[in-house]
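The primary structure of each chain is shown beneath.
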Amino acid sequence: MSSEWPLWEVFIRGQHGLNHRHVGSLHAPDAEMAIKNARDVYTRRNEGVSIWVVKSVDIAASSPSDKGPLFEPSNSKVYRHPTFFSIPDEVGHM
Amino acid sequence: MYAQLVKSEGKKSAEEMSPEERAFQDRVDRGEKIEPKEWMPEGYRKTLIRQIGQHAHSEIVGQLPEGNWITRAPTLERKAILLAKVQDEAGHGLYLYCAAETLGISRDQLLDKLHDGSMKYSSIFNYPTLTWADIGAVGWLVDGAAIMNQVPLQKTSFGPYSRAMIRICKEESFHQRQGYDIMMKMAQGTPEQKAMAQDALNRFWSPALMMFGPSDKESVHSAQSMAWKIKIDTNDELRQKFVDQTVPQAEYLGLSIPDPNLKWNEEKKGYDFSEPDWTEFFEVIAGNGPCNRERLGARVKAWEDGAWFRDALVAHAEKDAARRAAARVAAE
Amino acid sequence: MAAAEIAVDRATLFEFLTRMGDNTLILGHRVSEWCGHAPVLEEDIALANTALDLIGQTHFWLGLAGEVEGKGRSADALAFLRDASGFRNALLVERPNGDFGQTLMRQFLFDAWHHVMLTALTGSSDPRVAEIAAKALKEVSYHLERSGDLIVRLGDGTAESHARMQRALDDMWSYVGELFIADETDRAIAGAGIAPDPASLRPQWEAIVGEVLHEATLKVPTTTYVHKGGRRGIHTEHLGYILADMQFLQRAYPGATW
C-alpha cells in the first residue's frame, strides 16, 4: 500500500522578531507532526522561535507568466528604495 | 562527486534551439534563477532530477559508513560531534529530495529508484570504514572533495537546488574541520594511532580522487550541463584543486600521500599526480565495490522495515481528520 | 562544599549521580544505533536530536559524579573505563531496539519517568543537581511530547501498528518497575532532600502513561513481575555487548588521546 506522506512548506521566525521566512520543506502525515518535524529538521542550530507549516499543495502562487504585470510596476517605483534619495554627507547617517 | 556520471543531452547550438530554448538559455546566461513552475527544456528537468537525486541518495547512503562508528566513538564529545554530523547528512538528503520534488517527482519515487538500483549514489560510500582514523579521513578527504563541488553549485541556475546548496554549505562548514581534527589527534598520537592515520589516508586517497568522476573535458553531457549552469567546473579542474589543497594539509599532519608520482609542477602551479584506477571506479559504480551490497541492503531494509510505521501514521492522520470533521458536523 | 555532601557521603551521592548518568548514556547509545536506519528521514533526524540530548546530559551527570567522587575520574573515564558491574542504569534502557515500535515504547516509558524525576530534581537541595535537572528538563519535555504523541498515533493507527505497540508495551512493562523501587541509597538521598523517593514518583508517572495509553487504545499489562538489578550493577547480557562497542577504542589503546 504505502501512501506517501504529504509535503509541507516550513516557515520560521528567527530570534530577531523578523517575519516568518520560508526555510524549506519536509514530509509529515499531518500538520501537528509537520511542526514537530520542522523543529527537528530546521531548528537544529537554534534558528527559530516560531514555526508555521502549510501543505505545499495549498499554496497559491503567482504564475510565472504573470511575472511582468505583477512585479514590473513596483520596479518603476524606485522611490521605495532608500538609495533613490541622495542625502548630503553633512546630514550624517540616515 | 556526489553526483557522478550524470547523463545530460548533447549541447545544442543556438541555431538548433527553439525560440523558447533560446530565451531560456539567455536567462541562464544572464545569471537569472530558474524556478520550478517556469518553462524549462525537458532535458534540463530530467538532468536535474538525475543529478539532485543522486546527490540526495549520496547523502543518505553516506550516513552509513560514518554511522558505523557512532557507537564506538572514543569519547562522549566525539560521539556527539559524529552523531551531529551524520544527522546533518540526513538533513542534507532531505533538503535535496525536496529540491528534486519541485521538478515533478516524489521522494518516494526517487527512493524506489535508489532501492531498485536504477539510480546511483557516489562511489565513495562503497568503501569500508575500518578504523577510527577512517572517520577522520572521511571528514577530511570526502567532505573536503564534496565541498569543492558544492560551493560553486550555490550559484547553480535552478533556484531550489541553489538554495539547498547554500544551506548545506553553511551547515557543512564544520564537517571537514572535525575530520581534520581527528586526523591531527591521530597523527600526533601514539605510534599505533599514527599508523592508523596513514593507513586511512592510503585507503581513501584514490577513492577520494575518483569522487570527481573521470575526465569530462570531451564529454558532451558536461558541455550541456555547464551551459545550463548545473555543473560549474570540469571534473579535472576540481580534482586538481582538491589535490593542491590537500597535499599541504597531509604534510602538516606528517602523513605521506600514497602516490609516487606526486610532484609539484612549477609551470602549472599545481601538483602532478597519478590518475586513479578507473577500472576500479567503474566496477564500484557497477555494484562491485567492497560495500555495495551492505550499503544498499541497509537502506532497503530500513525502508521496508519502516513501512508499517509510515502507513500507521497516515492511517492515524486520516482517522483524526475524520473525527474532527464529524465533531464539526455535530456541533453545527 | 555543598550542604548535600555533608548530609550524605560522597559514595552515596556518586551512586545516585551514576544512576542518572548511566541511564542517559545507555539510552543515548541505543537511540544512536538507529542513525541512518530509521523508517523515514524526518524520524532519523528527530531521533538523533534525542540521542544528542541524552549524550549531553550524560556529560553533566557523569562529570559531576567524577567531581563528587574526587578521584580525578572524568565523565569519559566513567563512561569508557568502567566494567558492566559498575554501571547503574536501569535494565529498561539497555533493552535492544527491536522494531521501531519497541524503541518508541521504551523511549516513552522512560521519558515519562525522566520527566517526573527531573521536575522533582529541579528542587534538589544540591544546587548542582538542580541546575543539571533544569537544563535537562527542557529537552526531556520535548522528548516526552514527541514519544507520547507517536505512541498515540501508532496505537491508534493500523491494525498492524496497534498489535506491534501492544506487543512492545507487554515486552517492556516488567522492566519499568525497577525505576520506582527505593534502596538504601535512594532513602539516604531522599532524606537529604537531594532527590525524591523513587516510589513517590509513581502516581504522576501512572497518570501520564495512563492517559497516553488510553488515547492510544492500548491495554495496560496486568503483569506485576518486576525485572530489576541494573541499578545495583546486575545487568542483562545486553549491556556487555553495548560496552564492547562503546569502550573498544579506550580499552584497546589505553592512554591514547582522541
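Quick word on the overall build of chain A
- On a plain count of helices and strands, chain A comes out with two helices and three strands.
- Ordered by position in the sequence, the α and β elements of chain A form the string β-β-α-β-α.
- Counting only residues that meet the buried cut, chain A has 31% of its 94 residues in that class.
- Considering only residue pairs separated by 6 or more positions, chain A has 43% of its internal contacts joining residues 24 or more positions apart.
- Looking at chain A as shown, the accessible area adds up to about 6,400 Å², and 56% of this sits on carbon and sulfur atoms.

Observations regarding the nonpolar core
- One finds Phe16, Met105 and Leu109 of chain C to be the most contacted residues of the largest nonpolar core, which totals 194 residues.
- Leaving out residues up to four positions away in the same chain, Leu109 of chain C has contacts with Leu92, Leu169, Met172, Trp173, Val176, Trp205 and Val209 of chain C.

Regarding unusual backbone geometry
- Phi at Lys229 of chain B takes a positive value of approximately 55°, unusual for a residue other than glycine.
- Phi angles above zero are rare outside glycine, and Thr217 of chain C is one such case at about 55°.
- Take Thr217 of chain C: it is sitting in the loop between helix 10 (202-215) and helix 11 (237-246).
- Given a relative accessible area of 42%, Thr217 of chain C falls into the partly exposed group.

Concerning the state of the cysteines
Residue and element names in this part refer to chain B.
- The final tally for this structure, using the stated rule, is zero disulfides over all chains.
- The closest cysteine sulfur to the non-disulfide-bonded Cys98 is located on Cys169, 17 Å from its own sulfur.
- Assessed through its relative accessible area of 5%, Cys98 is described here as buried.
- Cys169 gets classed as buried once you look at its relative accessible area, which sits at 13%.

A short note on helix 1 (residues 31-42) of chain A
- Taking 1.5 Å per residue as the helical rise, helix 1 of chain A with its 12 residues ought to reach 16 Å, and the 15 Å between its terminal C-alpha atoms agrees with that figure.
- Those residues of helix 1 of chain A not exposed but buried are Met33, Ala34, Lys36, Asn37, Ala38, Asp40, Val41 and Tyr42 of chain A.

Focus: the interface of chain C and chain B
- On the side of chain B, 46 residues touch chain C, which itself brings 50 residues to the contact.
- Contact between chain C and chain B buries roughly 4,100 Å² in total, counting both sides, with carbon and sulfur atoms accounting for 70%.
- At the boundary of chain C and chain B, one finds three salt bridges.
- Between Arg323 of chain B and Asp156 of chain C there is a salt bridge, with its nearest N and O atoms 2.9 Å apart.
- Applying the counting rule to chain C against chain B returns 14 residue pairs in polar contact (both at pLDDT 80 or more).
- Looking at the side of chain C that touches chain B, the elements with two or more residues in it are helix 2 (10-32), helix 3 (41-69), helix 4 (75-81), helix 6 (100-121), helix 7 (127-155), helix 8 (159-173), helix 11 and helix 12 (248-252) of chain C.
- Examining the composition of the side of chain C that touches chain B, we find that 12 residues originate from one element, helix 3 of chain C, more than from any other.
- Residue classes in the side of chain C that touches chain B are distributed as 26 nonpolar, 13 polar and 11 charged.

Details of the interface of chain A and chain C
- At the junction of the two partners, chain A supplies 13 residues and chain C supplies 12 residues.
- Summed over both partners, the interface of chain A with chain C comes to about 1,200 Å²; 55% of that surface belongs to carbon and sulfur atoms.
- A per-residue breakdown of the area chain A buries against chain C is headed by Met33, Lys36 and Asp40 of chain A, which together make up 47% of the total.
- At the junction of chain A and chain C, the tally comes to five salt bridges.
- The salt bridge partner of Arg146 of chain C is Asp40 of chain A, with a shortest N-O separation of 2.7 Å.
- Viewed at the interface, chain C and chain A are joined by seven residue pairs in polar contact (both at pLDDT 80 or more).
- For the side of chain A that touches chain C, the leading source of residues is helix 1 of chain A, giving seven residues.
- For the side of chain A that touches chain C, the per-class residue count stands at five nonpolar, two polar and six charged.

Side note on the sheet that holds strand 3 (residues 50-55) of chain A
Residues and elements named next belong to chain A.
- Sheet architecture is open: three strands sit in the order 2-1-3, paired in antiparallel fashion. A strand with exactly one partner marks an edge of an open sheet, and here the two such strands are strand 2 (21-27) and strand 3. Each strand of the sheet is rotated relative to its neighbour by a mean of 30°, with strand direction disregarded.
- In this sheet, strand 2 lies alongside strand 1 (residues 7-13) in antiparallel orientation, the contact comprising six bridges. Across the sheet, residue Val10 finds its bridge partner in strand 2, namely Gly24.
- Seen against the sheet, helix 1 touches strand 1, strand 2 and strand 3 and runs at an angle of roughly 110° to strand 2.

As for the packing of aromatic side chains
- Counted under the stated rule, the structure contains 21 aromatic pairs over all chains.
- Ring geometry for Phe281 of chain B and Phe282 of chain B: centres 5.2 Å apart, planes at 80°, overall edge-to-face.
- Look at Phe281 of chain B and you get buried, because its relative accessible area is 0%.
- Here Phe282 of chain B falls in the partly exposed class, since its relative accessible area comes to 42%.
- Site record: aromatic cluster; members linked through ring pairs are Trp5 of chain A, Trp308 and Phe309 of chain B together with Trp34 and Phe100 of chain C.

Concerning the pattern of salt bridges
- The full count for this structure, using the stated rule, is 47 salt bridges over all chains.
- With its nearest N and O atoms 3.0 Å apart, the salt bridge here joins Asp272 of chain B to Lys268 of chain B.
- For Arg202 of chain C, the salt bridge identified is with Glu206 of chain C, shortest N-O distance 3.0 Å. Note that Arg202 of chain C and Glu206 of chain C are positioned in helix 10 at a spacing of four residues, about one turn of the helix.
- For Glu206 of chain C, a relative accessible area of 41% gives the class partly exposed.
- The structure contains a network of salt bridges with shared partners spanning Asp30, Glu32 and Lys36 of chain A, Lys319, Asp320, Arg323 and Arg324 of chain B together with Glu145, Asp149, Arg153 and Asp156 of chain C.

Rules and cut-offs
Residues numbered from 1 in each chain as written. Chains lettered and ligands numbered in written order. Predicted model: local features only at pLDDT ≥ 70, side-chain atom pairs only at ≥ 80, totals over all residues. Heavy atoms only, no water. Helix = DSSP H or I, 4+ residues; strand = E, 2+ residues; numbered from the N terminus. Buried < 20%, exposed > 50% of the residue type's maximum accessible area, 1.4 Å probe, protein only. Contact = heavy atoms within 4.5 Å. Areas by Shrake-Rupley, 256 points an atom, 1.4 Å probe, with all protein chains shown as cover. Core = buried A, V, L, I, M, F, W, Y, C linked by side-chain atoms within 4.5 Å. Disulfide = S-S within 2.5 Å. Expected span 1.5 Å × (residues − 1). Buried area = accessible area lost by both parts, 1.4 Å probe. Salt bridge = Lys/Arg side-chain N within 4 Å of Asp/Glu carboxyl O. Polar contact = N/O pair within 3.5 Å; in protein donor to acceptor, adjacent residues only side chain to side chain. Nonpolar A, V, L, I, M, F, W, Y, C, P; charged D, E, K, R; others polar. Pairing = 2+ DSSP bridges. Axes fitted to C-alpha atoms, helices over the stretch in contact; angles between N-to-C directions. Phe/Tyr/Trp six-rings, centres within 6.5 Å; stacked < 30°, edge-to-face > 60°.

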